[in-house]
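Each chain, written out:
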Amino acid sequence: MVKLTMVARVTDGLPLAEGLDDGRDVPDADFYKQQAKSLFKNLSMGQIDASRMSVETGPYIFHYIIEGRVCYLTMCDRSYPKKLAFQYLEDLKNEFERVNGSQIETAARPYAFIKFDTFIQRTKKLYQDTRTQRNITKLNDELYEVHQIMTRNVQDVLGVGEKLDQVSQMSSRLTSESRIYADKARDLNRQIHIM
């Protein structure tokens, strides 16, 4: 379950948006918000350079993605599927860039895009329950894509095997035909000597 969501500028760690009701059901919510801000600060100082990462913290996990100049971070229960957490962040990223992309560098005060909370809350509701049909479909789509890749790989391997069989057959034919050619060449050579 998504517990906390924050968006910050990477260059200076300035928080740009946050889910306003986030953390109400989390004991020590302020402690985890401080950890998130410390994580943003470390990112701004270049101490962490991964563009996608999961960081364990007590009973929760911070997941974040960095795209361009912005870090999108969420804190979830350990049992929450990582794939859904990153999909949630991707949805936030796409909307945030679409709506606020041109104003990111000019933001001078913390939480300059507080209105983005509406989208955070709406999106968060979609991702709350991992058993909803929408989220199960997303996970199944991912499994299907992996299955398709595996099937494609097996098909490619089988295709290569068939091609190797064809090459082997052609090689065998070429060998037998070259023997026939050699025998005929010897016969012709003998006939020339006899004449």
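Calculation notes
- Residues numbered from 1 in each chain as written.
- Predicted model: local features only at pLDDT ≥ 70, side-chain atom pairs only at ≥ 80, totals over all residues.
- Heavy atoms only, no water.
- Helix = DSSP H or I, 4+ residues; strand = E, 2+ residues; numbered from the N terminus.
- Contact = heavy atoms within 4.5 Å.
- Pairing = 2+ DSSP bridges.
- Axes fitted to C-alpha atoms, helices over the stretch in contact; angles between N-to-C directions.
- Phe/Tyr/Trp six-rings, centres within 6.5 Å; stacked < 30°, edge-to-face > 60°.
- Buried < 20%, exposed > 50% of the residue type's maximum accessible area, 1.4 Å probe, protein only.
- Parallel < 35°, antiparallel > 145°, perpendicular 65-115°, else oblique.
- Left-handed = near helix turned anticlockwise from the far one by under 90°.
- Nonpolar A, V, L, I, M, F, W, Y, C, P; charged D, E, K, R; others polar.
- Expected span 1.5 Å × (residues − 1).
- Arc of directions from axis to C-beta.

Asks: Mind laying out the overall build of the protein, listing which residues take part and the relevant values?
Replies: A tally of helices and strands in the protein yields four helices and five strands. Helices and strands in the protein line up, N terminus first, as β-β-α-β-β-β-α-α-α. The long-range share in the protein, meaning contacts at least 24 apart out of those at least 6 apart in sequence, stands at 62%.

Asks: An account of the sheet that holds strand S1 (residues 2-9) is needed here, citing residue identities and associated values.
Replies: Working definition: the strands of a sheet are paired by backbone hydrogen bonds and lie parallel or antiparallel to each other. The strand order across the open sheet formed by five strands is S2-S1-S5-S4-S3, and the pairing between neighbours is antiparallel. Looking along the sheet, the strands with just one partner apiece sit at the ends: strand S2 (15-18) and strand S3 (52-57). Put simply, the sheet's adjacent strands are angled 20° from each other on average, direction ignored. In this structure, strand S4 (residues 60-67) lies alongside strand S5 (residues 70-77), joined through eight bridges in antiparallel fashion. Paired with Ile 65 across the two strands is Tyr 72, which belongs to S5. Its contacts with the sheet place helix H1 (residues 29-44) against S1, S2, S3, S4 and S5, and it is angled at close to 30° to S1.

Asks: Account for the packing of aromatic side chains, naming residues and giving values.
Replies: The tally for this structure, following the rule as stated, stands at seven aromatic pairs. With a centroid separation of 5.2 Å and 85° between ring planes, the pair formed by Tyr 32 and Tyr 60 is classed as edge-to-face. Here Tyr 60 lies in strand S4 and Tyr 32 lies in helix H1, a separation of 28 residues in the sequence. As far as the burial class goes, Tyr 32 and Tyr 60 line up, both buried.

Asks: Can you explain the pairing of S2? Please cite residues and give values.
Replies: Sheet topology places S1 next to S2; three bridges connect them, and they run antiparallel. Residue pairing for S2: Met 6 is matched across the bridge by Glu 18. The turn joining S1 and S2, which pair antiparallel and follow one another in sequence, is formed by five residues; a positive phi near 75° is taken by Gly 13.

Asks: So what's going on with the packing of helix H2 (residues 82-100) against helix H3 (residues 117-127)? Residues and values would help.
Replies: Axis separation between H2 and H3 bottoms out at 11 Å; the angle between their running directions is 155°. By the angle between their directions, the pair H2 and H3 is classed as roughly antiparallel. Here H2 and H3 pass one another in a crossing that is right-handed. On the side of H2, the interface is formed by Leu 84, Gln 87, Tyr 88, Asp 91, Leu 92 and Glu 95, while H3 contributes Phe 119, Ile 120, Thr 123, Lys 124 and Tyr 127. Here the residues of the contact of H2 with H3 sort into six nonpolar, two polar and three charged.

Asks: Any chance you could break down H1 for me, citing the residues and the numbers?
Replies: If you check H1, its first and last C-alpha atoms are 23 Å apart, about what 16 residues at 1.5 Å a residue would give, namely 22 Å. Looking only at H1, the buried set comprises Ala 29, Tyr 32, Lys 33, Ala 36, Leu 39, Phe 40 and Leu 43. All buried residues of H1 fall inside an arc of 110° around its axis, so they share one side. Away from its buried face by more than 90 degrees, H1 exposes Asp 30 and Lys 41. Buried-residue contacts for H1 involve S1, S2, S3, S4 and S5.

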